[in-house]
Amino acid sequence: MKKLLVIISIGLLTSMLLIGCSSKKTDTAEEDTLIVGMELAYPPFETKDDEGNPMGVSVDLAKALGEHLERPVKIENTNWDGLIPSLQTGKIDVVISSMTITDERSKIVDFSDAYARSYLALLVNNKSGVKSMEDLNQKDKVIAVKKGTTGYIYANKHLEQATVNGFSSENACVTEVIQGKADAFIYDQLTIYRQNQQNSDTTEAILIPFQDSEGWGMAVKKDNEALLSSINTFIAEYKSDGGFDELTDRYMKEEKETFDALGFPWFFD
């Protein structure tokens, strides 16, 4: 009987130790997961497949970063205006969401080296008569912009004569232009090009750059120097290994050919 009790006690103790070890491993794995914040509403960079799973340029980039860091990756779909607050409160570790590096944002988060460069462009209603950015700075012109973007900042700073209407999504801005409620939508070149291709009967694309290029960076919480340094190392290695060329071929081959033909710089050049 005593032997039986001893065997049972040893068995219970072993089980508890195994459970404890298993729990510890699970907790460690969860703590080690790289939580990447992005707004999955910006194809081909951040979007979803037909089953609702994250996909796109930034998703593949995040996974490659995870492999470099030897950490599993979790994509946290977050509204654009919630990305930086989520970073500041520790809900996410890094933002990879086609975010432009600006002086204002750099006051509250730290940015990696730029991994892409873009220019602002215009999607205009084909009956608006708008041929350039200068045509928009008039009292009778209405401009649609997505809140919190550099297009929004540019319009409010440089087009003070026009009416600037902010919307929460890219699609809402495009709809305003298509319906003639807005004369133009200010956004990045690639998106403007794609939206014009999809709505060529009602819109025109003005792709000629009207300002200096904007750098896109990965954002981390202030003073997270270790993660920031690792990210910068990853970006340099990924670029030299042809990673960005592969992303271009996978998601934006046609657009790259068009931009080359027009003589416009490419995002990852």
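Attention in this report is confined to the structure presented alongside it. (Residues numbered from 1 in each chain as written. Predicted model: local features only at pLDDT ≥ 70, side-chain atom pairs only at ≥ 80, totals over all residues. Heavy atoms only, no water.)

Some points on the nonpolar core
Point 1. If you look at the biggest cluster of nonpolar residues, it comprises 49 residues, and the most contacted ones within it are Phe-45, Leu-61, Ile-96, Tyr-115, Met-218 and Phe-268.
Point 2. Put simply, the parts of the chain that give this core at least two residues each are strand E1 (34-38), helix H2 (57-69), strand E8 (120-125), helix H6 (170-178), strand E11 (184-188), helix H7 (189-198), helix H8 (225-240) and helix H9 (243-251).
Point 3. If you tally residues by element for this core, the top one is H2, at 7 residues.
Point 4. Filtering out sequence-adjacent residues up to four positions away, Tyr-115 remains in contact with Leu-61, Ile-96, Ser-98, Trp-216, Gly-217, Met-218, Ile-235, Phe-244, Phe-267 and Phe-268.
Point 5. If you look at the next biggest cluster of nonpolar residues, it comprises 15 residues, including Leu-122, Leu-136, Tyr-154 and Ala-162. (Core = buried A, V, L, I, M, F, W, Y, C linked by side-chain atoms within 4.5 Å. Buried < 20%, exposed > 50% of the residue type's maximum accessible area, 1.4 Å probe, protein only. Helix = DSSP H or I, 4+ residues; strand = E, 2+ residues; numbered from the N terminus. Contact = heavy atoms within 4.5 Å.)

Observations regarding the sheet that holds E1
Point 1. Within the open sheet, the 5 strands sit side by side as E4-E1-E5-E14-E6. Their pairing is mixed. A single partner strand is all that each edge strand has here, and the edge strands are strand E4 (73-77) and strand E6 (109-111).
Point 2. H2 rests against E1 and E4 of the sheet, and its axis sits at about 160° to E1. (Pairing = 2+ DSSP bridges. Axes fitted to C-alpha atoms, helices over the stretch in contact; angles between N-to-C directions.)

Points about the pairing of E8
Point 1. Of all the 6 residues making up E8, 6 are buried; the element is thus mostly covered by neighbouring parts of the structure.
Point 2. By the alternation rule, side chains of E8 split into Leu-120, Leu-122 and Val-124 and Ala-121, Leu-123 and Asn-125, which are all buried.
Point 3. For E8 and E11, the ladder comprises 5 bridges, and the chain directions are antiparallel. Within E11, the position partnered with Leu-122 by the bridge is Ile-186.
Point 4. Pairing between E8 and strand E12 (residues 203-206): 4 bridges, direction antiparallel. Residue pairing in the sheet places Asn-125 in a bridge with Thr-203 of E12.

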